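Chain by chain, the residues run as shown.
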Amino acid sequence: MGSMKDSTHNIPTIAPAGLKFTGTDRRAPLRDGLQRCGEYGAGQTAGRFYPIACVALEVTQRCNLDCALCYLSDRAEMTYDPPLSVLFARLATIRSHYGTGVSVQLTGGDPTLRKVEDIEALCREIKRLGMRSCLMTNGIRASGAFLTRLAAAGLDDVAFHVDMTQDRKGFSSEVELNTVRRAYIRRARGLGLRILFNTTVFGGNFDELPALARFLRDCPEVAFVSFQMQADTGRGVLRARPDEITQDSVARAIEEGYGTPLHFDAAAVGHSKCNRYASVVTAGGRAISLLSNRQLVHRVMAALEAADDQQDAHIRIRPKVRRMICRHPLLALFAMGQLALSVARLGRGLLHGPVRRQAVFIHNFMAADALDEDRCASCVFMVATANGPLSMCLHNAQRDLHLASPDRIDGPAGPSWWNSAVPRLSGGSDLPDLSDPALAPLKRLKGQMRALRQKQKDAS
Ligand code: SF4
């Protein structure tokens, strides 16, 4: 109960990708990884249309919640936040590897614990570099005023994480938490932000999954829902996933809630053991899968790939679709006919609400002591570390190692260095070791106590 997984156990020997991309085709590393493990089939979108799905930029390790399945390290609250110069350098690295269009997740901990001016500066820099920004938050401090400022600074998406692992006072079920979800939607509505919801699926809410999926289906403002399966990693106290929670059982529960098959096997986003993806249209309490004709989905993907003249970056979908329509008018006509039929099948739902598209994800993070090397090597969800992007599952299994690893910033007066054990950039590269308890000032007591408790438990 409640222990960090042993970070020396079964760690694949995959290093961060480095500070600069030196190849010619940005999609090649992911495509090669997926090809090597037989996951680059006709329905694979990763490595074919984009070089990565998203990259997390951890702007703090602090959090105002204490989730029962937290992926952070026991030492998270002992660490200092990275200075903006370090975060800007990591953004430049993300841009170097994945080009424009990549989604950068501003995450933590909870990023809203930093000054709003810092997050504004990051949103502006992400926009300047031609990438997309997404604020990943538990929503507690993401007030309407806070989100309005970020939207003005260029924020594209906001992802709210709400579920029963968070032990929010006064809520005893996912259904009750819908009050919180509705309030968050109201805060973000009308700001031009895409609204996303993340839910951890665990033993404590698995039975409620159909009802939660139905609720999210019926929120027209929500563009993207992600269900993340319990994983035995980080500092969370719940540990191993119950046997009843599998990718298939989660898919079935979501389909029950949406009231229709969702065809999670038609289009892939990375490794099939990592992600399942569905695309639906919703209206007035009904949903229809857009991927029901698997063969057609694959033919359209092949035509889009052939119309892709800029094969090293994120696909810019509109010009490709226009080119595809010119080259394959019959296929385009057939696909549009199918789309119209799908929308028509929403039936009387069309009378009761706007027609919206929603993406549905099931994400299957790995346990820290059971990492699959193939999956880590073909990861679509990376995190920016001091030494370049790295698979999030690998990062979660070795967080303390990466938090202690120094970032190098080159300035006019020469290089300076930073790691999570110090508040500011320093001149020397011999930075203190994060595990030294003397480093933790009073305000990081929470993390210090966590780490000491763990040490005592390990020794007994
Ligand atoms: S973070 Fe883990 S589960 Fe997610 S895509 Fe990467 S390797 Fe797979």
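Everything below is about the structure shown above.
Calculation notes
- Residues numbered from 1 in each chain as written.
- Predicted model: local features only at pLDDT ≥ 70, side-chain atom pairs only at ≥ 80, totals over all residues.
- Heavy atoms only, no water.
- Helix = DSSP H or I, 4+ residues; strand = E, 2+ residues; numbered from the N terminus.
- Rg over C-alpha atoms; globule rule 2.2 N^0.38 Å.
- Buried < 20%, exposed > 50% of the residue type's maximum accessible area, 1.4 Å probe, protein only.
- Areas by Shrake-Rupley, 256 points an atom, 1.4 Å probe, with all protein chains shown as cover.
- Lys, Arg positive; Asp, Glu negative; His and termini not counted.
- Charge placed at Lys NZ, Arg CZ, Asp CG, Glu CD.
- Near = heavy atom within 4 Å.
- Nonpolar A, V, L, I, M, F, W, Y, C, P; charged D, E, K, R; others polar.
- Pairing = 2+ DSSP bridges.
- Axes fitted to C-alpha atoms, helices over the stretch in contact; angles between N-to-C directions.
- Contact = heavy atoms within 4.5 Å.
- Core = buried A, V, L, I, M, F, W, Y, C linked by side-chain atoms within 4.5 Å.
- Expected span 1.5 Å × (residues − 1).
- Polar contact = N/O pair within 3.5 Å; in protein donor to acceptor, adjacent residues only side chain to side chain.
- Salt bridge = Lys/Arg side-chain N within 4 Å of Asp/Glu carboxyl O.

Draft legend 1. Local environment of the overall build of the chain. The secondary structure content of the chain amounts to 15 helices and 13 strands. The C-alpha atoms of the chain give 22 Å as radius of gyration, which agrees with the globular expectation for 460 residues (23 Å, within 12%). For the C-alpha atoms alone, the extent of the chain along its principal axes is close to 70 × 50 × 45 Å. Put simply, the chain has 460 residues, and 56% of those count as buried. In the structure as shown, the chain presents an accessible area of about 19,600 Å², 54% of it carried by carbon and sulfur atoms. Both charge centroids of the chain, one from 59 positive and one from 46 negative side chains, sit 7 Å from each other.

Draft legend 2. How the structure looks around the site of the ligand. Within the structure, the ligand sits among 13 residues, and Cys-274, His-363, Asn-364, Cys-379 and Cys-393 are positioned closest to it. Counted by class, the shell around the ligand contains 8 nonpolar, 4 polar and 1 charged residues.

Draft legend 3. Layout of the pairing of strand β10 (residues 381–385). By the criterion of burial, β10 is predominantly enclosed, with 5 of the 5 residues buried. By the alternation rule, side chains of β10 split into Phe-381, Val-383 and Thr-385 and Met-382 and Ala-384, which are all buried. Sheet analysis places strand β1 (residues 54–58) next to β10, joined by 3 bridges and oriented parallel. The residue of β10 that forms the bridge with Val-55 is Met-382.

Draft legend 4. Just unusual backbone geometry, in detail. Of the consecutive residues Gly-108 and Gly-109, the connecting peptide bond is found in the cis state with omega at 20°. Relative to the assigned elements, Gly-109 resides in the loop between β2 (103–107) and α3 (116–128). With a phi angle near 55°, Asp-167 is a residue other than glycine that sits in the positive phi range. Notably, His-263 is not glycine yet its phi reads approximately 55°, a positive angle. By the element assignment, His-263 lies in the loop between α7 (247–258) and β7 (275–283).

Draft legend 5. Layout of the sheet that holds β1. Reading across the sheet, the 11 strands line up as β8-β7-β9-β6-β5-β4-β3-β2-β1-β10-β11 and stay open at both edges, with mixed pairing between neighbours. Of all the strands in the sheet, the pair left with one neighbour each is β8 (286–289) and β11 (388–391). Direction aside, the axes of adjacent strands within the sheet are offset by 30° on average. Strand direction decides the pairing type here: β2 and strand β3 (residues 132–137), joined by 4 bridges, are parallel. Across the sheet, Leu-106 pairs through a bridge with Leu-135, a residue of β3. Helix-sheet contacts for α3 involve β1, β2 and β3, and the interaxial angle to β2 is about 170°. Across the sheet, helix α6 (residues 209–217) touches β5 (194–201), β6 (222–229), β7, β8 and β9 (356–363), and the angle it forms with β6 is around 160°.

Draft legend 6. Representation of the nonpolar core within the structure. Residues Phe-160, Phe-227, Val-250 and Ile-254 are the most contacted members of the largest nonpolar core, which totals 80 residues. Filtering out sequence-adjacent residues up to four positions away, Phe-227 remains in contact with Thr-199, Val-201, Leu-209, Leu-212, Ala-213, Leu-216, Val-250, Ile-254, Val-360, Phe-361, Ile-362 and His-363.

Draft legend 7. Structural view of α7. The terminal C-alpha atoms of α7, which comprises 12 residues, lie 16 Å apart, in line with the 16 Å expected from a rise of 1.5 Å per residue. All buried positions along α7 are accounted for by Gln-247, Ser-249, Val-250, Ala-251, Ala-253, Ile-254, Gly-257 and Tyr-258. Elements that come into contact with the buried residues of α7 comprise β5, α6, β6, β7, β8 and β9. Of the residues trailing α7, Gly-259 is marked for its positive phi of about 75°.

Draft legend 8. View of the side chain of Glu-125. Inspection of the secondary structure assignment puts Glu-125 in helix α3. Glu-125 sits in the buried class, given a relative accessible area of 10%. A distance of 3.0 Å separates the side chain of Glu-125 from the side chain of Arg-128, its partner in a polar contact. Leave out the neighbours within four places in its chain, and Glu-125 touches Phe-88 and Leu-91.

Draft legend 9. How the structure looks around the pattern of salt bridges. A complete count under the given rule lists 22 salt bridges for this structure. A salt bridge links Arg-114 to Asp-118; the shortest N-O distance between them is 3.1 Å. Accessibility classification places Arg-114 together with Asp-118 in one group, the buried group. A single salt-bridge network, built from bridges that share partners, covers Glu-117, Glu-120 and Arg-149.

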